[in-house]
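Summary of the model geometry
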Amino acid sequence: MAKICEITGVGVTRGHHIHRSGKAKKEGGIGRHITKRVKRVILPNLRSKRIWVPELGKFVEVKLTARALKTVNKNGAFKVLKEAGIIK
């Protein structure tokens, strides 16, 4: 299963984490230095939800992010799911 939100299309992001060594100057050291950049994966905050759509009279199962869930609560399930192309 893909780690993609069905409503917003948000997926996995790739980035870096910076490794630093040394003691900070304000703590009496000579300063922090970057020693390495390490690849990392940033995953979206996904949930699998059964959302009740009163206009259809049934539940619709979707995989969405927490932000998309807030959008569904604000704008209504039928409108958001129709714009995303999940229901016709």
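Structure's up top.
Residues numbered from 1 in each chain as written. Predicted model: local features only at pLDDT ≥ 70, side-chain atom pairs only at ≥ 80, totals over all residues. Heavy atoms only, no water.

Description of the overall build of the chain
When helices and strands are counted, the chain shows two helices and four strands. What you see in the chain, going N to C, is helices and strands ordered as β-β-β-β-α-α. A compact globule built from 88 residues would reach a C-alpha radius of gyration of about 12 Å, whereas the chain, at 21 Å, exceeds it by more than 25%. Within the span of the chain, comprising 88 residues, buried residues form 22% of the whole. Residue pairs in contact within the chain that sit at least 24 positions apart in sequence constitute 39% of those at least 6 positions apart. Accessible surface, the chain: about 6,900 Å² in total, of which carbon and sulfur atoms supply 51%. In the chain, 22 side chains carry a positive charge and 5 a negative one; their mean positions are 12 Å apart. (Helix = DSSP H or I, 4+ residues; strand = E, 2+ residues; numbered from the N terminus. Rg over C-alpha atoms; globule rule 2.2 N^0.38 Å. Buried < 20%, exposed > 50% of the residue type's maximum accessible area, 1.4 Å probe, protein only. Contact = heavy atoms within 4.5 Å. Areas by Shrake-Rupley, 256 points an atom, 1.4 Å probe, with all protein chains shown as cover. Lys, Arg positive; Asp, Glu negative; His and termini not counted. Charge placed at Lys NZ, Arg CZ, Asp CG, Glu CD.)

Notes on the nonpolar core
Formed by 13 residues in total, the largest nonpolar core has its most connected members in Ile7, Leu64 and Leu81. Apart from residues lying up to four places away in sequence, Leu81 is in contact with Ile7, Val53, Val60, Val62, Ile86 and Ile87. (Core = buried A, V, L, I, M, F, W, Y, C linked by side-chain atoms within 4.5 Å.)

Notes on the packing of aromatic side chains
Applying the stated criterion to the full structure yields one aromatic pair. With a centroid separation of 5.1 Å and an interplanar angle of 65 degrees, the aromatic rings of Trp52 and Phe59 are classed as edge-to-face. The ring of Phe59 carries the charged tip of Arg50 above its face, separated from the ring centre by 4.0 Å. (Phe/Tyr/Trp six-rings, centres within 6.5 Å; stacked < 30°, edge-to-face > 60°. Lys NZ or Arg CZ within 6 Å of the ring centre and 35° of its normal.)

Observations concerning a nonpolar patch on the surface
A surface patch of nonpolar side chains, about 240 Å² in accessible area, is lined by Val12, Val41 and Leu43. Assignment of secondary structure puts Val12 in the segment before strand E1 (13-21). (Patch = residues over 30% accessible without salt bridge, like charges linked within 9 Å, V, L, I, M, F, W, Y side chains within 5 Å. Salt bridge = Lys/Arg side-chain N within 4 Å of Asp/Glu carboxyl O.)

Describing the pairing of strand E4 (residues 58-65)
Direction of pairing for strand E3 (residues 46-53) relative to E4: antiparallel, over a ladder of eight bridges. Bridged to Ser48 within E4 is Lys63. Between the end of E3 and the start of E4, which pair antiparallel, lie four residues, with Gly57 showing a positive phi angle near 75 degrees. (Pairing = 2+ DSSP bridges.)

Topic: the side chain of Lys63
Within the secondary structure, Lys63 is located in strand E4. For the buried residue Lys63, which engages in no salt bridge, the nearest side chain bearing the opposite charge is Glu6, 6.2 Å off. A distance of 2.8 Å separates a polar side-chain atom of Lys63 from the backbone oxygen of Ala2. (Polar contact = N/O pair within 3.5 Å; in protein donor to acceptor, adjacent residues only side chain to side chain.)

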